[in-house]
Amino acid sequence: MASITLSNLGKNYGGGGNAVTGVNIDIQDGEFIVLVGPSGCGKSTLLRMVAGLESISEGEVRIGDRVVNQIEPADRDIAMVFQNYALYPHMSVRQNLAYGLKNRGTPKAEIERRVNEAAEILQIGAFLDRKPRALSGGQRQRVAMGRAIVREPAAFLFDEPLSNLDAKLRVTMRLEIKQLQRRLKTTSIYVTHDQLEAMTLADRLVVLNGGRIEQIGTPLDVYRRPASTFVAGFIGSPAMNLIDARAVPHLPGTAHAGTVGIRPEDLTVAPDGPIEMQVMAVEELGAQRLIHGLTGGEKITTTLPSDAPLTDRMRLSFRREQLHLFQRETGRRLD
Amino acid sequence: MIENRPFLHLMAHVILIAGVCIVALPVWVAFVASTHGPTDFMRGTIPMWPGPHFVQNYSRMLDRGLATSGTPAVGTMMLNSLIMALCIAVGKIVISVLSAFAIVYFRFPFRGLAFWCIFITLMLPVEVRIVPTFQVVADLGMLNSYAGLTIPLIASATATFLFRQVFLTIPDELTEAARIDGAGPMKFFRDILLPLSRTNIAALFVILFIYGWNQYLWPLLITTSADYYTIVAGIRRMADAVDGLPQWHLVMATAMLAMIPPVVVVIGMQRLFVKGLVETEK
Ligand SMILES: Nc1ncnc2c1ncn2[C@@H]1O[C@H](COP(=O)(O)OP(=O)(O)OP(=O)(O)O)[C@@H](O)[C@H]1O
Ligand SMILES: [Mg+2]
């Protein structure tokens, strides 16, 4: 177990712009950090630089108190779980788990002990002697995690490990990963583009955009006080309404803001509410409805209980502190 | 096929059976010929059913060979062919798997140049460079030796490309996982690459074994001592009777014997061979 420090980390693939620029993160020992952002924002690149699979163009990566820039992946004391599992197809599950330990010259009895222990934690004992081909996606995922935990590394690195699973399994595995990490207390960096996964797993979230950090914070912090319009639109589902302030000049306290943000779930129906919405479309979600409409020519979405009455025009209200104000040019948060 | 119509089935079978007959007929004729006496072929009609001389012809060839054409017993020639075919097949596989490994997984200076050099040798098969190659082999004193028979035929651009293709289908993540698992390059090669290309190696072995077994021009050129005659070149020498008629019954018996090892290799490795040609899962 160890802390990980990224200082001023940058990556240039040698073709125009940087894939990652000026990243600074201090990861505490035992912390679960989630890197989240849209496709192509440099999450994998960042993770792979920590793993040592990608060379570091600028800056520094520290694991524990070692600078690891020039150290081979095998010697960085990390374990990685890949999106497509990357299990060795010709080896049995047991051999897959043992391979990394064997290469390090771990004694046979110790390998045996750790493999059995991991198998028990992950409930894969029943198919230790099968080939990966004969496993389901979820089982393969467990084996991939098993391969990481038998190593008892200083840190786990996950690159979208759940994105090949179906929605239901993803939810269960998500929970299991979280519990596993709680139990082992191993520092973890987890990459995903799924904001829900990010919210549920993270001790702290790192929101990336175009190779730069937009915001670092606990999931609730990021949700409650997004640092920019980008984060506001990315975290939370359905996405926060971002309205040009000029379209709603009558809203109190928005005079100096460029963009006004309000979460769909914070809007309530009120006969005298300050926002008038013309309803364009309704989506039923079961317990509630998503209502899409227009106000002052800007799109706006709200979630209402499914028994709330529907009309063509509705007035919506909110509490002042639920309003997020952003600068027009930079998109940064104002308060 | 998804179509399920009796007429199509019938057609398919007719065509397949016709194909089998076309391939099998010459083999049958050769077999029949190898069981008749020396005079049966000179009467003008070719017999279509086996004759009574099977044991006699085959034991003669296995035992003494055909002294009039200067060839040794079939066993010696078969052994020579076997050594040659095995050396060529194994040598080609070892060299090409290693060079493909280097080309795909290492960044070294002049990698592009090395790649293109290998590529260019595709245009220079043995037959094209046979005179200079003969000169080199003769100068090195390798005439009438197993080294001379095999070494010039071992380098193989085709096999290198095949392995390159196989290695390129192995996902990068697997390589990276192995790197994180602490497998150095040679360990990765031995523990991951070789087992994953097992079926391709088997398929290639079958093809190359037959290629080596069927070598004709090169052994004919560089072997002048009967001790190093290979079976394929030997058959030609037998058919080339200087005085008198070729002893067709004995030539055919030899040909039948010459067919056995490739058939054994194909049948023995059939499962892996087919898998190696069709398998895509990695
Ligand atoms: N090997 C490479 N060579 C050149 N450019 C690359 C390479 N790998 C990634 N990039 C570029 O770097 C940027 C970041 O890529 P990265 O794979 O880190 O994105 P990501 O956030 O992981 O996206 P995704 O969610 O789709 O996996 C992209 O613009 C990509 O095109
Ligand atoms: Mg990625």
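Not measured: the values here are computed from a predicted model.

1. Examining the domain arrangement of chain A
All names here are of chain A.
Here is step 1: Taken as a whole, chain A is organised into domain 1 (4-229) and domain 2 (242-326).
Here is step 2: Averaged C-alpha coordinates put domain 1 and domain 2 at centres separated by 39 Å.
Here is step 3: For the pairing of domain 1 and domain 2, the buried interface totals around 500 Å² over both sides, and the portion due to carbon and sulfur atoms is 60%.
Here is step 4: Of all residues in domain 1, the largest losses of buried area upon contact with domain 2 belong to Tyr-223, Pro-226 and Thr-229, amounting jointly to 85% of the total for that side.
Here is step 5: Our enumeration of links across domain 1 and domain 2 arrives at zero salt bridges.
Here is step 6: Counting across the interface, domain 1 meets domain 2 through two residue pairs in polar contact (both at pLDDT 80 or more).
Here is step 7: By residue number, the principal contributor to the side of domain 1 that touches domain 2 is helix H7 (residues 219-224), which donates three residues.
Here is step 8: Grouping the constituent residues of the side of domain 1 that touches domain 2 by class yields four nonpolar, two polar and one charged.

2. A look at the side chain of Thr-45 of chain A
Residue and element names in this part refer to chain A.
Here is step 1: Here Thr-45 shows up in helix H1 (residues 43-51).
Here is step 2: At 3.4 Å, the side chain of Thr-45 forms a polar contact with the side chain of Tyr-13.
Here is step 3: Setting aside chain neighbours within four positions, we find Thr-45 in contact with Lys-11, Tyr-13, Ala-19 and Val-20.

3. Regarding the sheet that holds strand S12 (residues 259-262) of chain A
Residue and element names in this part refer to chain A.
Here is step 1: The sheet built from three strands is open, its strands ordered S11-S12-S18 with antiparallel pairing. Edge positions in the sheet fall to strand S11 (241-244) and strand S18 (324-326), since each of these pairs with one other strand and no more. Sheet twist, expressed as the average angle between the axes of neighbouring strands with direction ignored, equals 25°.
Here is step 2: As defined by bridge partners, S12 adjoins S18 across three bridges and the pair is classed as antiparallel.

4. Observations regarding the side chain of Lys-178 of chain A
Here is step 1: By the secondary structure assignment, Lys-178 of chain A is in helix H5 (residues 167-184).
Here is step 2: With residues near it in sequence (within four places) discarded, Lys-178 of chain A still touches Phe-32, Thr-200, Leu-201, Ala-202 and Asp-203 of chain A.

5. Quick word on the sheet that holds strand S16 (residues 298-305) of chain A
Residues and elements named next belong to chain A.
Here is step 1: Pairing within the open sheet is antiparallel, and its five strands lie in the order S13-S17-S14-S15-S16. Taken across any chain shown, the strands that pair with only one partner, and hence form the sheet edges, are strand S13 (268-269) and S16.
Here is step 2: Pairing geometry for strand S14 (residues 275-284) and strand S15 (residues 288-295), over six bridges, is antiparallel. The residue bridging Glu-283 from the neighbouring strand is Leu-290, located in S15.

Definitions and limits used
Residues numbered from 1 in each chain as written. Chains lettered and ligands numbered in written order. Predicted model: local features only at pLDDT ≥ 70, side-chain atom pairs only at ≥ 80, totals over all residues. Heavy atoms only, no water. Domains from an automatic or database assignment. Buried area = accessible area lost by both parts, 1.4 Å probe. Salt bridge = Lys/Arg side-chain N within 4 Å of Asp/Glu carboxyl O. Polar contact = N/O pair within 3.5 Å; in protein donor to acceptor, adjacent residues only side chain to side chain. Helix = DSSP H or I, 4+ residues; strand = E, 2+ residues; numbered from the N terminus. Nonpolar A, V, L, I, M, F, W, Y, C, P; charged D, E, K, R; others polar. Contact = heavy atoms within 4.5 Å. Pairing = 2+ DSSP bridges. Axes fitted to C-alpha atoms, helices over the stretch in contact; angles between N-to-C directions.

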